[in-house]
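# Notes for the structure review
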Amino acid sequence: SIAQVHAARLLSGEDVVLKVQKKGVQGSLKADLDLLYANARVLQLLGVVTAELSDVVATLRSAILEEIDFVLEAQRTEQFAEFLARSPELDGVVTVPKVYRAASASRLLTLERLYGVPLIDLESVRKYQPQPELALIVALNTWVSSVLTNEWFHADVHAGNLLVLTDGRVAFIDFGIVGAIPATTAEGMLDFVRSFPAGDMAGVGRALEKMGFTKELSEEQSAAFAKDIGEVIASIDSMTADIATTASAGAAASAIDETQLNRAVAAVARVAEGYGIRFPREFALLIKQVLYFDRYTSLLAPGLDVLNDERLSMNRPPPPGDGGVSSVEGGSVAVEVLPPEDDAE
């Protein structure tokens with residue numbers, strides 16, 4: 001732990017929390033991370049490892065140093081409040097703690113104290129929101145909107161950082177870790193969501209290129225990429241169907257034809273090697289948050305159809321002639337984030 005959190009009250013009467021960074025943390029971490037990076041570079045120059053290790057260590061160093069920068073965290077908290085303020089439909093629905101700048105310093109962050117419960121505490125959530133899935137929908141809509149329209153998104157939405165307050169609002173706290181998705185990448189994400197369910201492999205390929213998963217491809221390579229993706233998915237679908245058939249016949253569900261398995265593995269390896277498949281750091285952060293929300297969904301709304309429920313902004317079609325939800329104009333993605341109609345009153 002790099003800090004401790006204490007409840008307090010300002011002389012002016014406001015309840016606050018004090019996030020106090022432990023003495024010497026910044027210096028120790030910076031020295032250790034600098035040494036780690038220097039070692040990675042030496043190993044790279046000696047030919048023991050590739051440049052990828054240095055890149056990973058550099059990314060790790062940058063992320064950790066940002067997390068211990070309380071001035072930066074204060075700025076992000078205030079900027080997220082501005083993002084919420086730009087969306088009138090979120091007024092009174094979502095919030096972040098107020099930052100008390102005059103009572104903060106480089107190793108001290110003073111924030112408004114919010115009273116609430118973690119999103120995973122179902123019984124406690126029900127005390128403040130009779131329909132827990134509505135709190136989940138508002139939280140998910142807000143987060144998806146920040147991914148697509150804000151400068152960055154909250155990249156650590158574990159249960160301690162996502163609360164249902166005693167007045168029913170949803171609160172995002174602790175902005176020490178964030179991620180950023182360029183506009184073209186966000187557009188690619190939306191293209192992928194549209195193309196994959198429709199079986200449009202050419203669209204899936206173009207979307208993955210936009211998202212930065214591949215090296216730059218020519219038109220001919222792009223067409224070949226789409227064909228190879230189709231083969232990979234067909235191999236996996238074939239194995240899944242055979243497992244289901246085998247299981248329904250009473251045999252062991254693990255009895256997979258070895259030829260099929262080898263074919264699928266070979267297809268994946270060929271695609272990865274041939275097209276320079278890589279996994280951008282921001283997508284690792286994204287997937288981690290998606291897994292958090294998947295957990296919240298299973299706890300609060302196990303029957304929620306995340307890909308089709310129209311209360312989720314990402315599933316609503318754009319209004320005619322308005323761009324609306326999931327539209328891209330001028331390099332930015334506009335997403336309508338509304339509380340569910342049942343809760344509009």
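Residues numbered from 1 in each chain as written. Predicted model: local features only at pLDDT ≥ 70, side-chain atom pairs only at ≥ 80, totals over all residues. Heavy atoms only, no water.

### Concerning the sheet that holds strand 3 (residues 94-95)
Sheet strands associate in pairs through backbone hydrogen bonding, adopting either a parallel or an antiparallel arrangement. Note the cut-off: Each pair of strands is called paired provided DSSP finds at least two bridges between the two strands. Secondary structure elements are defined from DSSP: runs of H or I of at least 4 residues count as helices, runs of E of at least 2 residues count as strands, and each element is numbered from the N terminus. Contacts: residue pairs with any heavy atoms within 4.5 Å of one another. Every angle, taken between N-to-C directions, lies between 0 and 180 degrees, and every axis is a line fitted to C-alpha atoms, over only the stretch in contact when it is a helix.
Read from one edge to the other, the open sheet built from four strands follows the order 3-8-7-5, with strand pairing classed as mixed. The sheet is open, and its two edges are formed by strand 3 and strand 5 (116-118), each paired on a single side. As paired strands, strand 3 and strand 8 (residues 170-172) are joined by two bridges and run parallel to one another. Bridged to valine 94 within strand 8 is valine 170. Against the sheet, helix 5 (residues 132-149) engages strand 3, strand 7 (162-165) and strand 8, with an angle of about 40 degrees to strand 8.

### As for the pairing of strand 7
Formally: Here's how the labels work: a residue is buried when its accessible area is under 20% of the maximum for its type, exposed when over 50%, partly exposed in between, all with a 1.4 Å probe on protein chains only.
In strand 7, alternate side chains face the same way, and those of Leu162 and Val164 on one face and Leu163 and Leu165 on the other are all buried. In this sheet, strand 7 lies alongside strand 5 in antiparallel orientation, the contact comprising three bridges. Opposite glycine 116, over in strand 7, you have leucine 165 as the bridge partner. Pairing geometry for strand 7 and strand 8, over three bridges, is antiparallel. Bridge pairing in strand 8 places valine 164 opposite valine 170. Between strand 7 and strand 8, which pair antiparallel in sequence order, lie four residues; one of them, glycine 168, sits at a positive phi of approximately 95 degrees.

### Thoughts on the confidence of the model for the chain
The test is simple: Residue-level confidence of the predictor is what pLDDT reports, using numbers from 0 through 100.
Residues with a pLDDT of 70 or more make up 77% of the chain, whose mean pLDDT is 78. Counting interchain partners and residues more than four positions distant, the pLDDT-below-50 stretch residues 250-256 has seven contacts.

### A few points about the environment of phenylalanine 80
Along the polypeptide, phenylalanine 80 turns up in helix 3 (residues 70-85). On the basis of relative accessible area, phenylalanine 80 is assigned to the buried category, the value being 0%. Once residues lying within four places of it in the same chain are set aside, the contact partners of phenylalanine 80 are Val96, Thr142, Ser146, Asn150, Trp152, Phe172 and Phe175.

### Considering the side chain of threonine 95
Position of threonine 95 among the secondary structure elements: in strand 3. With residues up to four places along the chain from it excluded, the contact list for threonine 95 reads Leu84, Leu165, Arg169, Val170, Ala171 and Phe172.

### Details of the packing of helix 3 against helix 5
We apply this condition: The cut-offs work like this: below 35 degrees is roughly parallel, past 145 is roughly antiparallel, 65 to 115 is roughly perpendicular, and the gaps in between are oblique. Residue classes follow a fixed rule: Ala, Val, Leu, Ile, Met, Phe, Trp, Tyr, Cys and Pro count as nonpolar, while Asp, Glu, Lys and Arg count as charged, and any other residue, Gly among them, counts as polar.
Running from N to C, helix 3 and helix 5 cross one another at 100 degrees; their axes reach a closest spacing of 12 Å. Regarding the angle of helix 3 to helix 5, the classification is roughly perpendicular. Residues Phe80, Phe83 and Leu84 of helix 3 form the contact with helix 5, whose participating residues are Thr142, Ser145, Ser146 and Thr149. Of the residues in the contact of helix 3 with helix 5, the class split is three nonpolar, four polar and no charged.

### Notes on helix 7 (residues 201-210)
Put simply, the rule reads: Pairing of N or O atoms within 3.5 Å defines a polar contact, subject to two protein rules: one partner must be a possible hydrogen donor and the other a possible acceptor, and residues neighboring in sequence count only if both atoms are side-chain atoms.
Turning to helix 7, its buried residues number three or more, namely Met201, Gly203, Val204, Gly205, Ala207 and Leu208. N-capping of helix 7 is provided by aspartate 200, with a side-chain oxygen placed 3.4 Å from the backbone N of alanine 202.

### Here's the deal with the packing of aromatic side chains
Using the following cut-off: Working definition: rings of Phe, Tyr and Trp (its six-membered ring) pair if their centres are within 6.5 Å, and the pair is stacked with planes under 30 degrees apart, edge-to-face with planes over 60 apart, and tilted otherwise.
Enumeration over the complete set of coordinates arrives at eight aromatic pairs. Centroid distance phenylalanine 80 to phenylalanine 172: 5.6 Å. Interplanar angle 45 degrees. Geometry classified as tilted. Linking phenylalanine 80 in helix 3 with phenylalanine 172 in strand 8, this pair joins segments that are 92 residues apart in sequence. No difference in accessibility class separates phenylalanine 80 from phenylalanine 172, as the two residues are buried. Centroid distance tryptophan 143 to phenylalanine 293: 5.5 Å. Interplanar angle 45 degrees. Geometry classified as tilted.

### With respect to the nonpolar core
As a reminder, the rule being used: Think of a nonpolar core as a cluster: buried Ala, Val, Leu, Ile, Met, Phe, Trp, Tyr and Cys residues, connected wherever their side-chain atoms sit within 4.5 Å.
In terms of nonpolar packing, the biggest core is built from 53 residues, with Trp143, Phe172 and Phe293 touching the most fellow members. With 10 residues, the top contributor of residues to this core is helix 5. If you look at the next biggest cluster of nonpolar residues, it comprises six residues, including Phe70, Ala74, Val99 and Leu111.

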